[in-house]
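A look at the structure
What follows is the residue order along each chain.
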Amino acid sequence: MQYPSMRVSQMFFRTLRETPAEAELVSHALLLRGGFIRRLAAGVYSYMPLGWRVLSKVTQIIREEMDAAGGQELLMPTVLPAELWQETGRWAQYGELLAKLEDRQGRKFCLGPTHEEVITDLVRHEVRSYKQLPLLLYQIQTKFRDELRPRGGLIRGREFLMKDLYSFDRDRAGLDLSFEKMYDAYCRIFDRVGLRYSVVEAEGGDIGGTDTKEFMVIADAGEDSMLQCAACGFSANRERAECRPADGAPVSESAMLPVEKVSTPDMKKVKDVTEFLKTDARNLVKTLVYSGAGGVVAALVRGDREINEAKLARVVGPVAMADPAMVEQVSGAAVGFAGPVGLESVRMIADHEVKSLLNFVTGANETDTHLTNVNLNRDFTIKEFADLRCAEDGDPCPQCSDGTLELKHCIEMGHVFKLGTRYSEAMNAVFQDEDSVVKPIIMGCYGIGVSRIVAAAAETSHDDKGIIWPAAIAPFVVQISLLDPNVGELAAIADKLYNDLQPAGMDVLYDDRDERPGVKFADADLIGIPIHVVIGKRTRERGEMELQLRADKSKRMVPAGDVVTAIQSLLTQSAA
RNA sequence: CGGGGCGUAGCGCAGCUUGGUUAGCGCGCCUGCUUUGGGAGCAGGAGGUCGCCAGUUCGAAUCUGGCCGCCCCGACCA
């Protein structure tokens, strides 16, 4: 697909010499400075012609790969009626993120943050038979999520462009196949876009699902984090990463000290207690009270560890932190003083690490009181052990024997997961199978943050002068700077090159402005087009043009007549 | 939602503590001349309800209150 070429003198575009105060991240600052985006409200941006071209190129790559994988594009509304969301329970569950509105009759709507409900509604009205399956339906559309805190420009906007595809299959095997197709297509997309990415084991989150993977770009500015093993390449979302149970030395009974009760007035946090008792958080066991459909559960983890609620939920089903009243009822003490000793009436689950602790601190189930020198089996018993904590930087790799996990910040660009029948069952999206039985459709869901890719590219590929776009998504492939637009013969040469490059399949940005050379060079660096042709004095004197590569700042002189072929070979080289 | 900061010309900022008459600076913008391979020089010029509303005062960008907007940190971890 060829995009139109453009003269800078005609383009709606302005660079900023100074960084706007609001921009904290490099990508944000450079996108603003280069004239790609402008802010309208918190987390809401306009794409200027330059930015829109980058976005369009990303979109086009995604579209091509989705189509190649058998996807069919459609477009759903942005304003969605509340009833659909009430059907799946997400009107309430999605909470504050849903931007709600009312029409003049007082009917309730929301701005679409995602479209499982709408697509499921669409499909349930159209699909009757297994003969109509499988289906892969997608759209590229603006979403709105009223984020707690939008930040970082395009990285976490409230309004953003997203590609979302939904798969509909008659059985699990079909879903596996659709999932695989999408996974492969995603790899091709991120390869083509030119970003280095990692695929990570993930958690389903709000939308719900299993077998989920995220496509991440590693960047310090990313607000997401992952754990990666340098030895075997294993990567997982922090939420998801398993912890290999450490095989600590067995606790020797002879080393056990007598339990002591200590007064710890108003010390509800691990930090308060350990500072007061002059001990380490590693030597304390937190008792966290949860409640769910199956009743109350107390989860025990080491004091310095973070409980992983997703892991807990995998063992005991969906749970939420118990409210203070319930904690008091269960533990007989105010929040902050629960402990395992004497709590045997409650279902208790402990993280594996608790097994190897000796003489540790716990709550005493009595307000303002803790116990020290507590020991497992002597003072309380635990029937269930599980992996309950969040993995951390430096943990041993769960997959290979000698690797260590390293915590890395990253930007989530894509997410694929198997939904199963969560939506089809809630919304009665069913089909009649070959065996005449009516069954719920098996669904999958696959998203890409299109605008986020633009930000991720800028975040990971730039220098102090501006963005360095990967060729595939650069706003233009070639930039021509005519340094002396008032010299007739040079202008004619530049015009000719501009006209010759287009039929050769290249989109060109032609800086024909009557500006000083310094301005043109600075703007070209800011815009970040891969190949830059400079036409100036030396062209007149020697008949040569200068080719500059944005990526490595290299320069070479090329005879005017050879420029088109020289550029073509540079492009095929970089594509290879 | 909690904490912190900010709001003065298109952008970046000073002025506010200690109220005072035409509200400043740099960049950008317009006109002219000179200049032209890495953000030019000189001269002239345009551009402001000092976020909004109310109050205190003879007088408010400046003091007080309310509201709005924006940015940063946090918002599960007993």
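Parameters and conventions
Residues numbered from 1 in each chain as written. Chains lettered and ligands numbered in written order. Predicted model: local features only at pLDDT ≥ 70, side-chain atom pairs only at ≥ 80, totals over all residues. Heavy atoms only, no water. Helix = DSSP H or I, 4+ residues; strand = E, 2+ residues; numbered from the N terminus. Buried < 20%, exposed > 50% of the residue type's maximum accessible area, 1.4 Å probe, protein only. Areas by Shrake-Rupley, 256 points an atom, 1.4 Å probe, with all protein chains shown as cover. Pairing = 2+ DSSP bridges. Axes fitted to C-alpha atoms, helices over the stretch in contact; angles between N-to-C directions. Near = heavy atom within 4 Å. Polar contact = N/O pair within 3.5 Å; in protein donor to acceptor, adjacent residues only side chain to side chain. Nonpolar A, V, L, I, M, F, W, Y, C, P; charged D, E, K, R; others polar. Core = buried A, V, L, I, M, F, W, Y, C linked by side-chain atoms within 4.5 Å. Domains from an automatic or database assignment. Contact = heavy atoms within 4.5 Å. Salt bridge = Lys/Arg side-chain N within 4 Å of Asp/Glu carboxyl O. Parallel < 35°, antiparallel > 145°, perpendicular 65-115°, else oblique. Left-handed = near helix turned anticlockwise from the far one by under 90°. Buried area = accessible area lost by both parts, 1.4 Å probe. 1 Å grid on protein atoms, 1.4 Å probe; cavity = no way out; pocket = protein on both sides within 12 Å on 5 of 7 lines; lining within 4 Å. Points joined across faces, edges and corners; volume = space filled by probe spheres on them.

Quick notes on the overall build of chain A
Counting secondary structure elements, chain A contains 15 helices and 32 strands. Projected onto its principal axes, the C-alpha coordinates of chain A cover approximately 95 × 65 × 50 Å. The buried share of chain A, reckoned over its 576 residues, is 53%. When the accessible surface of chain A is summed, it comes to about 26000 Å², and 49% of that surface belongs to carbon and sulfur atoms.

Some words on the sheet that holds strand β5 (residues 79–81)
Taken in spatial order, the three strands of this open sheet run β5-β7-β6, and their pairing is antiparallel. Each edge of the open sheet carries a strand with a single partner, namely β5 and β6 (100–102). Between one strand axis and the next, the sheet turns by 40° as a mean value, whatever way the strands run. When β5 meets strand β7 (residues 108–111), the two strands line up antiparallel, connected through three bridges. Paired with P81 across the bridge in β7 is F109.

Structural notes on the protein's contact with RNA strand B
Near RNA strand B, the surroundings consist of 48 residues, among which R149, K268, T287, R516 and D525 are the closest. The protein-proximal atoms of RNA strand B, defined as those within 4 Å of the protein, are 49% sugar or phosphate. Between RNA strand B and K286, the relevant distance is 2.7 Å, taken from a sugar or linking oxygen to a side-chain nitrogen or oxygen of the residue. At the level of elements, β2 (37–41), β15 (285–292), α13 (517–527), α14 (537–542) and β31 (544–549) are the ones that each hand at least two residues to the surface near RNA strand B. Ranked by the residues each element gives to the surface near RNA strand B, the list is headed by α13, at eight residues. Classifying every residue of the surface near RNA strand B by side-chain character gives 21 nonpolar, seven polar and 20 charged.

Here's the deal with the nonpolar core
In terms of nonpolar packing, the biggest core is built from 62 residues, with L31, F36, M66, Y186, I189 and W469 touching the most fellow members. Counting the residues that make up this core, at least three belong to each of domain 1 (23–196 + 422–459) and domain 3 (476–575). With residues up to four places along the chain from it excluded, the contact list for W469 reads L31, F36, V54, V454, A457, A458, A474, P475, I527, G528 and P530. Judged by nonpolar contacts, the second largest core, of 28 residues, contains M76, L98, V118 and F431.

With respect to the pairing of β7
Note: β6 against β7, three bridges, orientation antiparallel. The residue of β7 that forms the bridge with L101 is F109. Where β6 folds back on β7, the antiparallel hairpin that results is connected by five residues, among which G106 adopts a positive phi of roughly 85°.

Focus: the pattern of salt bridges
Tallied over the entire structure, the rule returns 42 salt bridges. A salt bridge links R151 to E223, with the shortest nitrogen-to-oxygen separation between them at 3.6 Å. Of this pair, R151 sits in the loop between β8 (135–144) and β9 (159–169) while E223 sits in the loop between β11 (210–218) and β12 (224–229), placing them 72 residues apart in sequence. Where R389 meets D395, a salt bridge forms, and the shortest distance between an N and an O atom there is 3.0 Å. Note on accessibility: R389 and D395 belong to one class, buried. Members of the salt-bridge network, linked through shared partners, are R302, D304, R305, E353, R389, E392 and D395.

Section: the packing of helix α2 (residues 49–68) against helix α11 (residues 450–460)
Direction vectors running N to C along α2 and α11 enclose 120°, while the axes themselves pass 9 Å from each other. Judged on the interaxial angle alone, α11 and α2 are oblique. With respect to the hand of their crossing, α2 and α11 are arranged in right-handed fashion. Residue-level inspection shows V54, L55, V58, T59 and I62 of α2 in contact with α11, the latter providing V450, S451, I453 and V454. Its residues placed into classes, the contact of α2 with α11 shows seven nonpolar, two polar and no charged.

Quick notes on the domain arrangement of chain A
Annotation of chain A at the domain level lists domain 1 (23–196 + 422–459), domain 2 (253–386) and domain 3 (476–575). Computed over C-alpha atoms, the centres of domain 1 and domain 3 are 39 Å apart. Residue-level contacts link seven residues of domain 1 with five residues of domain 3. Counting each side, the surface lost to burial between domain 1 and domain 3 is near 550 Å², with a carbon and sulfur contribution of 62%. It is L50, R53 and K57 in domain 1 that bury the most area against domain 3; as a group they hold 59% of the surface buried on that side. On the surface where domain 1 and domain 3 come into contact, there are two residue pairs in polar contact (both at pLDDT 80 or more).

Remarks on the pairing of strand β16 (residues 295–302)
Along a regular strand, successive side chains alternate from one face of the sheet to the other. Judged by how many residues are buried, β16 sits mostly within the fold: six of eight residues are covered. As defined by bridge partners, β15 adjoins β16 across eight bridges and the pair is classed as antiparallel. The residue of β16 that forms the bridge with L288 is A299. Counted between consecutive antiparallel strands, the loop separating β15 from β16 contains two residues. Of the pairings in the sheet, the one linking β16 to strand β18 (residues 347–351) comprises four bridges and is parallel in character. Its bridge partner lying in β18, A298 is registered against M348.

Regarding the layout of surface pockets
By rolling a water-sized probe across the atoms, one finds the places where empty space is left. Space inside the second largest pocket adds up to approximately 780 Å³. Residue lining of the second largest pocket: 30 residues in total, with A471, A472, V477, L571 and S574 positioned closest to the centre. Those elements that provide at least two residues to the lining of the second largest pocket are α2 and α15 (563–575). Among the elements that make up the lining of the second largest pocket, the one with the highest residue count is α15 (seven residues). Split by residue class, the lining of the second largest pocket holds 18 nonpolar, seven polar and five charged. Shared between two domains, the lining of the second largest pocket takes at least three residues from each, and those domains are domain 1 (23–196 + 422–459) and domain 3 (476–575).

As for the sheet that holds strand β17 (residues 319–321)
Spatial strand order, β17-β15-β16-β18-β21: five strands in an open sheet with mixed pairing. Edge strands, defined here as strands with exactly one partner in the open sheet, are β17 and β21 (384–386). Sheet twist, expressed as the average angle between the axes of neighbouring strands with direction ignored, equals 35°. Helix-sheet contacts for helix α8 (residues 309–316) involve β15, β16, β17, β18 and β21, and the interaxial angle to β18 is about 130°.

Structural notes on unusual backbone geometry
Omega for the bond connecting L133 with P134 falls within 30 degrees of zero, at 0°, which places this linkage in the cis form. Inspection of the secondary structure assignment puts P134 in the loop between α5 (116–126) and β8. With a phi angle near 65°, K553 is a residue other than glycine that sits in the positive phi range. Tracing the backbone through its elements, the reader meets K553 in the loop between β31 and β32 (555–559). Judged by relative accessible area, K553 falls into the partly exposed class, the value being 49%.

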